[in-house]
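# Report on the structure
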Amino acid sequence: MEITNVMEYEEIAKNKLPKMVYDYYVSGAEDQWTLQENRNAFSRILFRPRILVDVSHIDMTTTVLGFKISMPIMVAPTAMQKMAHPDGEYATARAASAAGTIMTLSSWATSSVEEVASTGPGICFFQLYVLKDRNVVAQLVRRAERAGFKAIVLTVDTPRLGRREADIKNRFALPPYLTLKNFEGLDLGKMDKTNDSGLATYAAEQVDRSLSWKDVKWLQTITTLPILVKGVLTAEDTRLAIQAGAAGIIVSNHGARQLDYVPATIMALEEVVKAAQGKVPVFLDGGVRRGTDVFKALALGASGVFIGRPVVFSLAAEGEAGVKKVLQMLRDEFELTMALSGCRSLKEITRNHIMTEWDRPWIAPRL
Ligand SMILES: Cc1cc2nc3c(=O)[nH]c(=O)nc-3n(C[C@H](O)[C@H](O)[C@H](O)COP(=O)(O)O)c2cc1C
């Protein structure tokens, strides 16, 4: 059967992957309210399309931190991609590069920064979890810099791991034939089976819970790379991130895997955009599955979006070809949305091209 949208890969991945792995990829925290809301909230935003605009040429290109990319759709960091497919992060890096966009490599990847850099000239960002051992952090950041990574994506919503109940039930652990490659040789590459989620135990042992805004400044003393702060949901933290020297902000709730009952990212976006006052670019991830979602995020002021689960599910289904197809489908849908809304370039996408329930309370569903 032909795949016609990004979401169809989820079912294929479910049938292909061991339950422990699929559950790890798909789950959110606790009641998974935010997980559903990340999708549902997009469906409450409607279009105000403009007609009779000459849309015979559509330009989706944009610039992120000075790097020109083919479309405002990038790859979010997702850990342990070799559980999905033997080519893991290599396949994702190649697919992102072929699509002319950016891949973000997770700290907890099953391929190292050097290995991913060796796949070719694609633009890569490195996602950082700050561990208790700051020497390890500094070494890792320098390795990423030396390997040619272009930015640090500092994840700030994970002082502790959220409760993902399927991982607890499954006693989730990294399969023994894989390692967290960036930490291999540092004795931090393995994840033991425990009476809990193995990742929760690993995070509790390694991640620095004391991380605070002063560490964002510290990070700038060990690297010249720009820092994107990932996991901001409020105006207050937006202002603090800018004060601390962030080069950009990613509105993210970690794919609803951390604190449950935070709003959908698309609901939090406009508050952050307003607080940023155009000083730094604001990006969004969480629940982006359609080109229409990308358009809605841009209309609310995002400079681009990142996708998480669609990458791991398509990787599981078809490896590099699957990830390429996901990026192509989102690209095609986004281009069509632009055309049908009367927008020829990203700068023509405005707040007036959409309406939200807070613009028009009467379109809100009655609960
Ligand atoms: C399986 C999985 C692993 C993830 N691993 C990381 C990670 O290592 N570091 C990180 O900052 N975010 C991680 N995230 C969060 C993603 O970067 C991103 O915020 C989220 O997946 C976006 O939502 P989406 O999956 O609905 O597209 C992970 C998400 C998933 C689903």
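Further up the page is the structure itself.
Residues numbered from 1 in each chain as written. Predicted model: local features only at pLDDT ≥ 70, side-chain atom pairs only at ≥ 80, totals over all residues. Heavy atoms only, no water.

## What about the overall build of the chain?
Helices and strands together make up the secondary structure of the chain, namely 13 helices and 12 strands. Here the chain has a C-alpha radius of gyration of 20 Å; the compact-globule value for 367 residues is 21 Å, and the two agree. When the backbone C-alpha atoms are referred to their principal axes, the chain occupies close to 60 × 50 × 45 Å. Looking at the chain residue by residue over its 367 residues, the buried ones come to 57%. A separation of at least 24 residues holds for 72% of the contacts in the chain among residues at least 6 apart in sequence. Looking at the chain as shown, the accessible area adds up to about 15,600 Å², and 51% of this sits on carbon and sulfur atoms. (Helix = DSSP H or I, 4+ residues; strand = E, 2+ residues; numbered from the N terminus. Rg over C-alpha atoms; globule rule 2.2 N^0.38 Å. Buried < 20%, exposed > 50% of the residue type's maximum accessible area, 1.4 Å probe, protein only. Contact = heavy atoms within 4.5 Å. Areas by Shrake-Rupley, 256 points an atom, 1.4 Å probe, with all protein chains shown as cover.)

## Let's talk about the packing of aromatic side chains
For any two aromatic rings, the description comes down to two numbers: the centre-to-centre distance and the angle of the planes. Taken as a whole and assessed by the stated rule, the structure comprises nine aromatic pairs. Relative to Tyr129, the ring of Trp108 has its centre 4.2 Å away and its plane inclined at 35 degrees; by these criteria the two rings are tilted. Of this pair, Trp108 sits in the loop between strand 5 (103–105) and helix 5 (113–117) while Tyr129 sits in the loop between strand 6 (124–128) and helix 6 (134–147), placing them 21 residues apart in sequence. Residue Trp108 shares its accessibility class with Tyr129, and that shared class is buried. Seen from the ring of Trp218, Arg134 lies directly overhead, with NZ or CZ sitting 4.8 Å from the centre. Looking at Arg257, its charged tip hangs above the ring of Tyr24, at a distance of 4.7 Å from the centre. (Phe/Tyr/Trp six-rings, centres within 6.5 Å; stacked < 30°, edge-to-face > 60°. Lys NZ or Arg CZ within 6 Å of the ring centre and 35° of its normal.)

## Some remarks on the site of the ligand
Neighbouring the ligand are 22 residues; Pro77, Ser106, Thr155, Asp285 and Arg289 lie closest to it. Tyr129 is positioned with one of its side-chain polar atoms (N or O) 3.0 Å from a nitrogen atom of the ligand. For the ligand, an oxygen atom lies 2.9 Å from a polar atom in the backbone of Gly308. Protein burial of the ligand: of its 600 Å² of free accessible surface, 99% is covered by the chains. The site holding the ligand turns out to be the largest cavity. Looking at the shell around the ligand, its residues break down into seven nonpolar, 10 polar and five charged. (Near = heavy atom within 4 Å. Polar contact = N/O pair within 3.5 Å; in protein donor to acceptor, adjacent residues only side chain to side chain. 1 Å grid on protein atoms, 1.4 Å probe; cavity = no way out; pocket = protein on both sides within 12 Å on 5 of 7 lines; lining within 4 Å. Sits in = over half its atoms within 2 Å of the grid points. Nonpolar A, V, L, I, M, F, W, Y, C, P; charged D, E, K, R; others polar.)

## Here's the deal with the packing of helix 2 (residues 19–26) against helix 13 (residues 309–341)
A pair of packed helices is characterised by two quantities: the angle between their axes and the separation of those axes. With their axes 10 Å apart at the nearest point, helix 2 and helix 13 run at an angle of 155 degrees to one another. The orientation of helix 2 with respect to helix 13, classified from their angle, is roughly antiparallel. The segment helix 2 lies against helix 13, with Tyr22, Tyr25 and Val26 engaging Arg309, Val312 and Phe313. For the contact of helix 2 with helix 13, the per-class residue count stands at five nonpolar, no polar and one charged. (Axes fitted to C-alpha atoms, helices over the stretch in contact; angles between N-to-C directions. Parallel < 35°, antiparallel > 145°, perpendicular 65-115°, else oblique.)

## Overview of the packing of helix 6 against helix 9 (residues 213–222)
At a closest axis distance of 10 Å, the pairing of helix 6 and helix 9 adopts a crossing angle of 50 degrees. Put simply, helix 6 runs oblique to helix 9. For the pair helix 6 and helix 9, the sense of crossing is right-handed. Contacts between helix 6 and helix 9 pair Arg134, Val137, Ala138, Val141, Arg142 and Glu145 from the former with Asp215, Trp218, Leu219 and Ile222 from the latter. Taken together, the residues that form the contact of helix 6 with helix 9 break down as six nonpolar, no polar and four charged. (Left-handed = near helix turned anticlockwise from the far one by under 90°.)

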